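Reading the structure
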Amino acid sequence: MELLLGPSRLLRRQPLFTFFLISLLLSTSHGDVGTASQYSPPYLPTTCYDNDASQFPPNNLFAAAGDGIWDNGASCGREYLVRCISASVAGSCQPDQTIQVKIVDYAFSTPIPPSASGTTIILSETAFGIIANSSATSINIEFQQV
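Notes on the structure follow. Computed from a predicted structure; not experimentally measured. (Residues numbered from 1 in each chain as written. Predicted model: local features only at pLDDT ≥ 70, side-chain atom pairs only at ≥ 80, totals over all residues. Heavy atoms only, no water.)

**Some words on the overall build of the protein chain**
If you tally the helices and strands in the protein chain, you get 3 helices and 6 strands. When each of the 146 residues of the protein chain is scored for burial, the buried share is 36%. Taking as baseline every contact in the protein chain between residues at least 6 positions apart, the subset at least 24 positions apart corresponds to 76%. For the protein chain, the exposed area adds up to about 8600 Å²; of that, 57% sits on carbon and sulfur atoms. (Helix = DSSP H or I, 4+ residues; strand = E, 2+ residues; numbered from the N terminus. Buried < 20%, exposed > 50% of the residue type's maximum accessible area, 1.4 Å probe, protein only. Contact = heavy atoms within 4.5 Å. Areas by Shrake-Rupley, 256 points an atom, 1.4 Å probe, with all protein chains shown as cover.)

In structure tokens:
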């Protein structure tokens, strides 16, 4: 078929094909990429809501914000979709698992230190365990504010 079109018609179609290919590649990314770790109880007090236990969602899917998303405290109460995309240990990510977490704290003020420092987001034990093997210390994530 290409030979029947001739070189000039094939060249005119190339920009359209290139645009289509680039749009496919861009459409697979839905958010930002960062890292996540986990932290353990006690979770109170928090920087966002102090000792108010009602701040925690009933499903325990919450997190502490790292410097990259803290935004001088404006991230308190924000919700993010988070999924594990890779880890240093193969097989650590739970395939096809995306969670929605609520920011309740600042990463550098959690009562118990996280499993890894300097991460974008620190997930509660429950949240981390849904998207990754809980023995992993840090994972690479894709996240998007809801």
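**What about the nonpolar core?**
When a protein is soluble and globular, its nonpolar side chains tend to lie buried together. In terms of nonpolar packing, the biggest core is built from 25 residues, with V82, V101, I121, L123, I131 and I139 touching the most fellow members. Those elements that place two or more of their residues in this core are β2 (62–65), α2 (67–70), β3 (79–87), β4 (98–106), β5 (121–124), α3 (125–131) and β6 (139–145). When residues of this core are assigned to their parent elements, the largest contribution, 4 residues, is made by β4. Here I131 is in contact with V82, R83, C84, S92, C93, Q94, Q97, I99, L123 and I139, once residues within four sequence places are set aside. Ranked by size, the runner-up nonpolar core spans 8 residues in total, among them Y43, F62, A107 and I122. (Core = buried A, V, L, I, M, F, W, Y, C linked by side-chain atoms within 4.5 Å.)

**Digging into the sheet that holds β4**
Judged by pairing direction, the barrel is mixed, and its 6 strands sit side by side in the order β1-β5-β2-β4-β3-β6 before closing back on the first. Recorded for the sheet is a direction-independent mean angle of 45 degrees between the axes of neighbouring strands. Note: β3 against β6, 7 bridges, orientation antiparallel. Opposite Y80, over in β6, you have Q145 as the bridge partner. (Pairing = 2+ DSSP bridges. Axes fitted to C-alpha atoms, helices over the stretch in contact; angles between N-to-C directions.)

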